[in-house]
Amino acid sequence: MQRWRGLEDVPGDWGRSVVTIGSYDGVHRGHQLIMGRTVERARELGLSSVVVTFDPHPSEVVRPGSHPPLLAPHHRRAELVEALGVDALLILPFTSEFSRLSPSEFVRSVLVEGLHAKLVVEGPNFRFGHKAAGDVEVLSALGLKYDYDLEVVDLFVRGEAGGGEPFSSSLVRRLVAEGDVEGAAEALGRPHRVEGVVVRGAQRGRELGYPTANVETLPHTAIPADGVYAGWLHVEGEPMPAAISVGTNPTFDGTARTVEAYAIDRVGLDLYGLHVAVDFLAYLRGMEKFDTIDALLERMADDVKRARELVETAEPTA
């Protein structure tokens, strides 16, 4: 898959293409439906498929300080998009100047002059242009002027997550914030992932016999509710069964909120400075403050046992 940063990276000889545009945070099952249809139609037409997204998230530029918790960083989104068979990913720098483009100017510069769109595939709620003035009706009308077609995909796929709500990034963020990582996984089609660099913490886990990777998460990451989870710690492409703690370590009167993963049955790992990923499979319990270290150790042993059993019956995500 080709990856472009800005319209200037698009090859000068780029031909007609099938395009979809959106923030696509998380690449959840609704997004997968739209991108899958984009790839399918491109192959039918003998053209290339292109996914267009933005950096930073448009809300941060339009309403500074309102950046939503992110479900996946751009490099992870690129991996997920490529796995769907997309030919090219275009990340557009979203600036104040760009945000002021009218719907017509947006279409002309991005879809027509930039990507030579033959067909545009979107969901029914797609909005674009200054103050989100453009919708699918406007996009369709502009297609008559600029010689492209529009296909609207009904992305309201539903499941048990959120009580049957349509899958959306907002739904996934809410489920993650509530600690419902199983519901989030249903909507995403895979476990929710948190990434970052392993840094030195208080090293209490090592002293207690459960050395953990203290993950300094990327900015704006959607972090699950405080508690203990089962999942995987991904290190240099290897998924390791893990018991994961999110919270402030109340037994030790901690104040900083951390994400720590204990790689089950692994000894002698030196992960400091490595970029790792943590996948959340299941919620085990809430965060508790224990009166004694022995009580904490007893509960930690139980957490690890339950995490091991859950992970053994599940398949990790690459």
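What comes next concerns the included structure. This one's a predicted model, so the numbers in the text were calculated from it and none came from an experiment.

What follows covers the nonpolar core. Counting residues in hydrophobic clusters, the biggest one holds 28 residues, and the most contacted among them are Ile-21, Val-50, Leu-111 and Leu-115. Put simply, the parts of the chain that give this core at least two residues each are β2 (17-21), β3 (48-55), β4 (88-93), α5 (103-114), β5 (117-122) and α6 (136-146).

The next thing to look at is the sheet that holds strand β10 (residues 238-247). Pairing in this closed barrel of 6 strands is antiparallel, and the strands run β7-β8-β11-β10-β9-β12 around the ring. For this sheet, the mean inter-axis angle between neighbouring strands, taken without regard to orientation, is 45°. Bridge analysis of strand β8 (residues 213-217) against strand β11 (residues 258-263) gives 3 bridges, and the strand direction is antiparallel. Within the sheet, the bridge partner assigned to Val-215 lies in β11 and is Val-259.

Summarising the element assignment, Glu-122 is placed in strand β5. Notably, Glu-122 is buried but unbridged: the nearest opposite-charge side chain belongs to Arg-127, and the N-O separation is 11 Å. If near-sequence neighbours (up to four positions away) are discounted, Glu-122 is found in contact with Thr-20, Ile-21, Tyr-24, Ile-34, Leu-139, Leu-150, Glu-151, Val-152 and Val-153.

Pairing is parallel across the open sheet formed by 6 strands, whose spatial order is β1-β4-β3-β2-β5-β6. Since the sheet does not close on itself, it has two edges, and those belong to β1 (2-5) and β6 (149-152), each with one partner. Across the sheet, the axes of successive neighbouring strands diverge by a mean angle of 25°, strand direction being ignored. Relative to β4, β3 is paired through 6 bridges, and the arrangement is parallel. Bridge assignment links Val-52 to a residue of β4, and that residue is Leu-90. Sitting on the sheet, helix α3 (residues 74-83) touches β1, β3 and β4, and the angle it makes with β3 is about 160°. The strands touched by α5 within the sheet are β2, β3, β4 and β5, with β2 carrying the most contacts at an inclination of about 130°.

This part is about the packing of aromatic side chains. Within this structure, the stated rule accounts for 10 aromatic pairs. Centroid distance Phe-94 to Phe-98: 5.5 Å. Interplanar angle 70°. Geometry classified as edge-to-face. Put simply, the rings of Phe-54, Phe-94, Phe-98, Phe-106, Phe-126 and Phe-128 pair up and form one aromatic cluster. The side chain of Arg-200 reaches across the aromatic face of Tyr-272, ending 3.9 Å from its centre.

About the thresholds
Residues numbered from 1 in each chain as written. Predicted model: local features only at pLDDT ≥ 70, side-chain atom pairs only at ≥ 80, totals over all residues. Heavy atoms only, no water. Core = buried A, V, L, I, M, F, W, Y, C linked by side-chain atoms within 4.5 Å. Buried < 20%, exposed > 50% of the residue type's maximum accessible area, 1.4 Å probe, protein only. Helix = DSSP H or I, 4+ residues; strand = E, 2+ residues; numbered from the N terminus. Pairing = 2+ DSSP bridges. Axes fitted to C-alpha atoms, helices over the stretch in contact; angles between N-to-C directions. Lys, Arg positive; Asp, Glu negative; His and termini not counted. Salt bridge = Lys/Arg side-chain N within 4 Å of Asp/Glu carboxyl O. Contact = heavy atoms within 4.5 Å. Phe/Tyr/Trp six-rings, centres within 6.5 Å; stacked < 30°, edge-to-face > 60°. Lys NZ or Arg CZ within 6 Å of the ring centre and 35° of its normal.

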